[in-house]
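Survey of secondary and tertiary structure
These are the residues of each chain, in order.
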Amino acid sequence: MEVYSTNLGRSDPSIREGASGDNVQFWDEQARLLHWFTPWKETLRWNPPFARWFVGGTTNISYNALDIHQDDIADKPAIIWEGEDGTSQTVSYGTLYLQVQKTANLLKSLGVRKGDRVTIYLPMIPEIIVSMMACARLGAVHTVVFSGFSAKSLADRMNDSGSTVLITADVGYRRGRIIPLAQTAQEALKSSLKIRHTIMVQRQDGIPSTWVPWTEINNKSDKCAAEPVESTDPLFILYTSGTTGRPKGVLHGTGGYMTHIHSTFRWAFDIQDTDIYHCTADVGWVTGHSYVAYAPFLCGATEVMYEGAPDHPNPSRTWQILEKHKVSIFYTTPTALRMLMRHNAMAAKSYNLSSLRLLGSVGEPINPEVWVWYHDVIGDGRCPVIDTWWQTETGGMLISALPGLESIPLKPGSGTLPIPGIDMAVLDENGKTAPPDTKGYLVVRNPWPGMMLTLWGDEQKYRDTYWSRFPDYYYPGDYAIQDKDGYMWLLGRADDILKVSGHRIGTAELESCLVSHKKVAESAVIGVPDEIRGEGIVVFVVLRSGMDGMGMESELEKIIVSQIGTVARPDAIHIVPILPKTRSGKIMRRLLKSLVTGKQIGDLTTMEEPGALDEVRRILQDCGCDESW
Ligand code: PRX
């Protein structure tokens, strides 16, 4: 296999060496690079499985992202925003600072105090970052809900987090369409338990009379000192899909999280004063939290933020953005890359992408062919490609090449090495270290600063989900292989979570949504390989006896879109008379997957009613869906 170079010539072996000894001391030193109002008393309080970093220290992430830059880079662009229609707007560090303070004062005037929760339901506009930082400035906990989620998802998240204020916009714009956010928010507010005020960013005409216009921030003082928060005080809740019916609220703290993203952003992206960084992640997901809303500003970087689809109005839009803004560091997903490559693998060659110097990928396994294309065509063979592995729960990257720190050979398709200070392994079924080059379960063996605090309101679920499969180790739920050089090859989820276009979708969440339809008795949801999106969603349902299946497919699609959101829209829905089950009554999803993907069916000895499979096969054949995916 061809091996590529990191190419930037950076070499600071002291960091990796420092981390290989006492990793707690190592992180202690990294945290000192940030501003603290008062020093911590204890670097790590490890009360397994709960890690608390920099205990007793007080700080504020908004202070570290804004106040510290005002003397030297107040005029530097912080955000270069581009809308889908091509309009752009530049927000300097100085302006961002004032906007955040005014917004914090508006929130204060609406009664928001330290520890209160604020839900943010906004599109990719600078106000989403301003809102998050304004919450952080007060010590309030933000919970951002991706703007593609439905009214029910929004209401569930507002209620579960106990939010008292909602920040939304009238509309978003994507793929030439208007996304009616305020309408969805209004619907969600009907079942909201605690929201007292809604602030709305107005982009068109009209606002519900009881809502507070965003422009109200201009009537507020632009001075609002950052509240000193204890390092382990919560910064945000971000809901993510798990293996049960309800999304989990991943709770992150302040000091550890900030240290982790600050370190990894510098090491991975080699960020320099002149860089223009562009990450395509929506702020509604964790990549958008860590590496769009916070880390770039902790490092005084300039970022390009784009509201719209990467292929709108034409599939070269991404290349136009990179050329127009002279982007030097580009961070995106394998799904976006596969889509752009498939459309026209050489389209980027018509653009001047000579400003690029580093490329990154995140969110799903990247196939080696796409990696090589990214490197050779987009990066013109000059730019290192980093494949960064991490999760909502980990806060920041845990596996990645770090061109800003060290030169190591890159292998297309591998995330390379765990970052310094992180001890990871691949285990077999029995919890023993898997031999090199053998597929097993990825684990983390020591606590790290970006580690989640817990699951909001459910400590037991936190223990059960991440710390019970392999006691003493954090289990992320992924398969991996570690090769003889210690390189990690990430192979996707080992549980019932799908990754569709990089979005995390729990099959259990979809199934519980399907059975909420009055005609549905049972359902099974599986993921099937999809060339572009990584995985596609296939749904099987059994109707209650005597129920008519006419028009059910579109009804079921509607219920998924209205209860979860468009991200979970299935690719196929099959009404079947029976589902294959074990004798103990468990649905055998692996058999359904084998049927759909044309794989060998395998062992059927535990099956309750072998005829069930023939019934499903017949239905798949009738619709031409068997073995043809
Ligand atoms: O399966 C892994 C996959 O995404 C999961 C985490 O999803 P989420 O919490 O939405 O965060 C995504 C963005 C950090 C992981 O359990 N994943 C993430 N990065 C990679 C990956 N799979 C393979 N390679 C990656 N680089």
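That block above? That's the structure.
Values in this document were obtained by computation on a predicted structure and should not be read as measured data.

Some remarks on unusual backbone geometry
Pro-48 connects to Pro-49 through a cis peptide bond whose omega is 0°. Here Pro-49 shows up in the loop between β1 (42-47) and β2 (50-55). Between His-312 and the following residue, Pro-313, the backbone shows a cis peptide bond with an omega angle of 0°. One non-glycine residue with positive phi stands out, namely Asn-7, at about 75°. A positive phi is found at Ser-501, a non-glycine position, where the angle reads about 50°. Here Ser-501 shows up in the loop between β26 (497-500) and β27 (503-506).

Focus: the pairing of β1
By the bridge criterion, five bridges tie β1 to β2 in an arrangement that is antiparallel. From the neighbouring strand, Leu-44 faces β2, where its bridge partner is Trp-53. Linking β1 back to β2 in an antiparallel pair, the connection comprises two residues.

Focus on empty space enclosed by the protein
Under the criterion given, the structure shown has four cavities of 30 Å³ or more. Counted as a void, the largest cavity has a volume near 90 Å³. In terms of lining residues, the largest cavity is bounded by 15 residues, among which Trp-53, Gly-253, Gly-256, Pro-449 and Leu-453 are the most central. Among the secondary structure elements, those contributing two or more residues to the lining of the largest cavity are β2, β15 (248-253) and α8 (255-269). Here the residues of the lining of the largest cavity sort into six nonpolar, eight polar and one charged.

Digging into the packing of helix α14 (residues 507-514) against helix α15 (residues 552-563)
Running from N to C, α14 and α15 cross one another at 120°; their axes reach a closest spacing of 9 Å. Regarding the angle of α14 to α15, the classification is oblique. Classified by chirality, the crossing of α15 by α14 is right-handed. Here Leu-510, Cys-513 and Leu-514 of α14 come into contact with α15, specifically with Leu-556, Ile-559, Ile-560 and Gln-563. Of the residues belonging to the contact of α14 with α15, the class tally is six nonpolar, one polar and no charged.

Brief notes about the nonpolar core
Generally speaking, a soluble globular protein has its nonpolar side chains buried in company with each other. Ranked by internal contacts, the top residues of the largest apolar core, which has 181 residues, are Leu-96, Phe-269, Tyr-294 and Ile-378. Sorting elements by how many residues they give to this core places helix α5 (residues 126-138) first, with nine residues. Beyond its immediate sequence surroundings of up to four residues, Phe-269 is in contact with Thr-264, Tyr-277, Ile-329, Tyr-331, Arg-357, Leu-358, Ile-386 and Met-397. In terms of nonpolar packing, the next biggest core, distinct from the first, is built from 22 residues, Val-542, Leu-595, Ile-601 and Ala-612 among them.

Topic: the packing of helix α4 (residues 93-109) against α5
With their axes 8 Å apart at the nearest point, α4 and α5 run at an angle of 65° to one another. When you trace α4 past α5, the crossing you get is right-handed. Contacts from Leu-96, Tyr-97, Gln-99, Val-100, Gln-101, Thr-103, Ala-104, Leu-107 and Lys-108 in α4 reach Val-130, Met-133, Ala-134, Cys-135, Arg-137 and Leu-138 in α5.

Digging into the pattern of salt bridges
Side-chain pairing between opposite charges can occur once the charged atoms of the two side chains come close. For the structure shown, the criterion picks out 36 salt bridges. For the salt bridge of Arg-338 with Glu-364, the shortest nitrogen-to-oxygen distance reads 2.7 Å. Pair noted here: Arg-338 is in helix α11 (residues 334-343) and Glu-364 is in the loop between β19 (358-362) and α12 (368-378), with a separation of 26 residues, a long-range link. Each of Arg-10, Asp-270, Asp-275 and Arg-357 takes part in salt bridges that share partners, so that together they form one network.

What counts, and where the lines are drawn
Residues numbered from 1 in each chain as written. Predicted model: local features only at pLDDT ≥ 70, side-chain atom pairs only at ≥ 80, totals over all residues. Heavy atoms only, no water. Helix = DSSP H or I, 4+ residues; strand = E, 2+ residues; numbered from the N terminus. Pairing = 2+ DSSP bridges. 1 Å grid on protein atoms, 1.4 Å probe; cavity = no way out; pocket = protein on both sides within 12 Å on 5 of 7 lines; lining within 4 Å. Points joined across faces, edges and corners; volume = space filled by probe spheres on them. Nonpolar A, V, L, I, M, F, W, Y, C, P; charged D, E, K, R; others polar. Axes fitted to C-alpha atoms, helices over the stretch in contact; angles between N-to-C directions. Parallel < 35°, antiparallel > 145°, perpendicular 65-115°, else oblique. Left-handed = near helix turned anticlockwise from the far one by under 90°. Contact = heavy atoms within 4.5 Å. Core = buried A, V, L, I, M, F, W, Y, C linked by side-chain atoms within 4.5 Å. Buried < 20%, exposed > 50% of the residue type's maximum accessible area, 1.4 Å probe, protein only. Salt bridge = Lys/Arg side-chain N within 4 Å of Asp/Glu carboxyl O.

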